[in-house]
Amino acid sequence: MAFTLTTIAPDPVGTTIVSDSSVTSTVQVPVTSGHSIYQIHIDNTANTGTAFYLNLVDANTGISAATTTDYRFYCAKGSTATYVIETGLVFSTGLSYWGVTSPAHGSTANPGSAVSVKILV
């Protein structure tokens, strides 16, 4: 499934939630301008035998799963993970993301079941 954007009331931390209920190795580009990321929540509970890696790149075009990531976030098999970034991760160009089951650069290994990701920007 493609991502959705939800605008939240003016907040000192973030104004938009990027929500994707089925992250795969297909690159998504929900934000095409500069911003900061303040929180990431990954729900990998449907994959009890496989870990999940969320890859983020500061770019808004020309990205593939072979692109070197700027940031990678891990979620253990069958669990959830929440990352809070108090000062924010600054992205100057845009946000591209995709997820795989291997930390290896260029991996395109999709999770067997849906992984949900929410990103507060």
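A brief look at the structure comes next. This one's a predicted model, so the numbers in the text were calculated from it and none came from an experiment.

1. Things to note about the sheet that holds strand S4 (residues 35-43)
Spatially, the five strands line up as an open sheet ordered S1-S2-S9-S4-S7, and their pairing is antiparallel. Edge positions in the sheet fall to strand S1 (4-7) and strand S7 (80-91), since each of these pairs with one other strand and no more. Averaged over all adjacent pairs, the angle separating strand axes in this sheet is 20°, with direction ignored. The pairing of S4 with S7 spans eight bridges and is antiparallel. Its bridge partner lying in S7, His 35 is registered against Phe 91.

2. Section: the nonpolar core
Counting 21 residues, the largest nonpolar core has Ile 37, Ile 42, Leu 54, Leu 56 and Ile 119 as its most contacted members. In terms of residues, this core owes the most to one element, S7, which gives four residues. In this view, Ile 37 contacts Leu 56, Ile 85, Gly 88, Leu 89, Phe 91, Leu 95, Ile 119, Leu 120 and Val 121; residues no more than four positions away in its chain are not counted. Of all hydrophobic cores here, the second largest spans eight residues; its members include Tyr 53, Ile 63, Ala 65 and Trp 98.

So, how was this worked out
- Note that residues are indexed from 1 along each chain, following the sequence as it is written.
- Side-chain atom pairs in this predicted model are given and counted only at pLDDT of 80 or more, local residue features only at pLDDT of at least 70, and totals for whole chains, interfaces and linings cover all residues.
- With hydrogens and water excluded, all non-hydrogen atoms of the structure serve as input to the side-chain values.
- When DSSP finds two or more bridges between a pair of strands, those strands are recorded as paired.
- Only DSSP runs of H or I reaching four residues or more are called helices, and only runs of E reaching two or more are called strands; each is numbered from the N terminus.
- Helix axes are fitted to C-alpha atoms over the stretch in contact, other axes to C-alpha atoms as well, and angles between N-to-C directions run from 0 to 180 degrees.
- Throughout this description, the term nonpolar core refers to a set of buried Ala, Val, Leu, Ile, Met, Phe, Trp, Tyr and Cys residues connected via side-chain atoms within 4.5 Å.
- Categorising residues by exposure relies on relative accessible area from a 1.4 Å probe, with only protein chains included: less than 20% of the type maximum marks a residue as buried, more than 50% marks it as exposed, and the intermediate range marks it as partly exposed.
- By the convention used here, residues are in contact when the closest approach between their heavy atoms is within 4.5 Å.

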